[in-house]
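Per-entry structural report
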Amino acid sequence: MKDLLAYAPEVAAARAAGVPIVALESTIITHGMPYPQNLATARAVEAEVRAAGAVPATIAVMGGRLRIGLGDDALDALARTPEAMKLSRADLAVCLARGATGATTVAATMIAAHLAGIAVFATGGIGGVHRGAEQSFDISADLRELAQTPVTVVAAGAKAILDLPKTLEVLETFGVPVIAFGQDALPAFWSRDSGLRAPLRMDSAAEIAAAHRMRAALGLPGGQLVANPIPAEAEIARAEITPVIERALAEVAAQGIAAKAVTPFLLARIFALTEGRSLAANIALVLANARLAAAIAREIATQA
Ligand code: PSU
Ligand code: MN
């Protein structure tokens, strides 16, 4: 279909010149953080990517088109639209066909990045297997997307609100490499150490880029998950965040929150219960992920 993808001028110029590009998601803006911190963070993340020598492409659906890169006006408008649809693989086409406004999750951002020829994507934390999934069947579509769409996703591990051992098991079943960056432990979003060992470890952007290229050479579908630990000065230790998470999870159960509403509800409650500390941590980890993603994108471009 003609002009389904709408490139921001900065992204179009980068594509033409072969400058590395990093995709960024937008659900973190509309459903992951409150206004106005969401807008300030989105801008800071874009600036971080530029400072690290790549061009940012924040992805969203607006006006019936899949936007690859948002200008500052569009970013501002989206940050004030908490009622935007939360788009995963299942909703992307419906939102586009309706001409509605939608924010892309990890899954939908991977699809868009791949359509736009972008190899690397930075976010905060991917969705995964929720606790109690054996009853609720709540397993994020992000996991299946990692299994089938060839984009390297840089996150701070999976969110600690999830069942991390089950999330690792599903990723292994789906053939997704889970690579801890610079340490053996799997990071757990707000904390550097989940208490679990990551299946794989790499210590440089060049190694991650080489593995990305090798998957393509082998014709393997699917992406890589790079789990980048939150900077030490911003982390909330596991012992401190665990009771907060448990309290928020109890509220999810008591209030019957389900499906797409679970993750945004948990994040908002944890922000409130930590008096904003978890939000500051979330912002710091996304910035760190943007820097690493830019380094990987640059390596992929130079190795090509
Ligand atoms: N990272 C963050 N905050 C977020 C998310 C990621 O720091 O809000 C979003 C991503 O868009 C991810 C989604 O895909 O949470 C997972 O939602 P669910 O658990 O409903 O699949
Ligand atoms: Mn879910």
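Keep in mind it's a predicted model, so treat the numbers as computed, not measured. (Residues numbered from 1 in each chain as written. Chains lettered and ligands numbered in written order. Predicted model: local features only at pLDDT ≥ 70, side-chain atom pairs only at ≥ 80, totals over all residues. Heavy atoms only, no water.)

1. Side note on the overall build of the chain
Helix and strand content of the chain: 13 helices and 11 strands. Compactness check: the chain gives a C-alpha radius of gyration of 18 Å against a globular reference of 19 Å for 304 residues, within 12% of the reference. Each of the three principal axes of the chain carries a C-alpha extent, and together these read 50 × 40 × 35 Å. Expressed as a percentage of the 304 residues in the chain, the buried residues total 56%. In the chain, 26 positive and 28 negative side-chain charges are present, and the distance between their average locations comes to 4 Å. (Helix = DSSP H or I, 4+ residues; strand = E, 2+ residues; numbered from the N terminus. Rg over C-alpha atoms; globule rule 2.2 N^0.38 Å. Buried < 20%, exposed > 50% of the residue type's maximum accessible area, 1.4 Å probe, protein only. Lys, Arg positive; Asp, Glu negative; His and termini not counted. Charge placed at Lys NZ, Arg CZ, Asp CG, Glu CD.)

2. Observations regarding helix α9 (residues 164-173)
In an α-helix, one full turn covers 3.6 residues, which means residues spaced three or four apart are oriented alike. The set of residues buried in α9 consists of Leu164, Thr167, Leu168, Val170 and Leu171. All buried residues of α9 project into a common sector of 165 degrees when viewed along the axis, lining one side. Of the exposed residues in α9, the ones pointing more than 90 degrees away from its buried face are Glu172 and Thr173. Trailing α9 by a residue or two, Gly175 shows a phi angle of about 75 degrees, which is positive. (Arc of directions from axis to C-beta.)

3. Quick word on the domain arrangement of the chain
Where interface size is quoted, it is often the accessible area lost as the parts come together. On domain assignment, one finds that the chain holds domain 1 (1-118) and domain 2 (122-304). When each unit is reduced to the centre of its C-alpha atoms, the spacing between domain 1 and domain 2 is 19 Å. Taken together, the contacts link 32 residues of domain 1 with 31 residues of domain 2. When the two sides are added together, the surface that domain 1 and domain 2 hide from each other amounts to roughly 2,500 Å², 69% of it contributed by carbon and sulfur. On inspection of domain 1 and its partner domain 2, the count reaches three salt bridges. (Domains from an automatic or database assignment. Contact = heavy atoms within 4.5 Å. Buried area = accessible area lost by both parts, 1.4 Å probe. Salt bridge = Lys/Arg side-chain N within 4 Å of Asp/Glu carboxyl O.)

4. Here's the deal with the side chain of Gln183
Position of Gln183 among the secondary structure elements: in the loop between β9 (178-181) and β10 (200-202). Look past the residues within four positions of Gln183 in its chain and what remains in contact with it is Arg192, Arg201, Asp203 and Pro229.

5. Quick look at the pairing of strand β8 (residues 152-155)
Where burial is concerned, the two faces of β8 agree: the one with Thr152 and Val154 and the one with Val153 and Ala155 are both buried. Note: strand β7 (residues 120-122) against β8, three bridges, orientation parallel. Looking across to β8, one finds that Ala122 is bridged to Val154. For β8 and strand β11 (residues 224-227), the ladder comprises four bridges, and the chain directions are parallel. Along β11, the bridge assignment pairs Val154 with Val226. (Pairing = 2+ DSSP bridges.)

6. Quick look at the site of ligand 1
Contacts to ligand 1 come from 19 residues, most closely from Glu25, Lys86, Ser140, Asp142 and Thr263. One nitrogen or oxygen atom from the side chain of Asp142 is found 2.7 Å from an oxygen atom belonging to ligand 1. Protein coverage of the free-state accessible area of ligand 1, which is 480 Å², stands at 94%. Mapped by element, the contributors of at least two residues to the shell around ligand 1 are α2 (27-30) and α12 (262-273). Of the residues belonging to the shell around ligand 1, the class tally is four nonpolar, 11 polar and four charged. (Near = heavy atom within 4 Å. Polar contact = N/O pair within 3.5 Å; in protein donor to acceptor, adjacent residues only side chain to side chain. Areas by Shrake-Rupley, 256 points an atom, 1.4 Å probe, with all protein chains shown as cover. Nonpolar A, V, L, I, M, F, W, Y, C, P; charged D, E, K, R; others polar.)

7. Here's the deal with the nonpolar core
One finds Val22, Leu66, Ile68, Ile126, Val153, Trp190 and Ile296 to be the most contacted residues of the largest nonpolar core, which totals 106 residues. Per-element accounting of this core gives the leading share, 12 residues, to helix α13 (residues 277-303). Lining this core are residues from two domains, each supplying at least three of them: domain 1 (1-118) and domain 2 (122-304). (Core = buried A, V, L, I, M, F, W, Y, C linked by side-chain atoms within 4.5 Å.)

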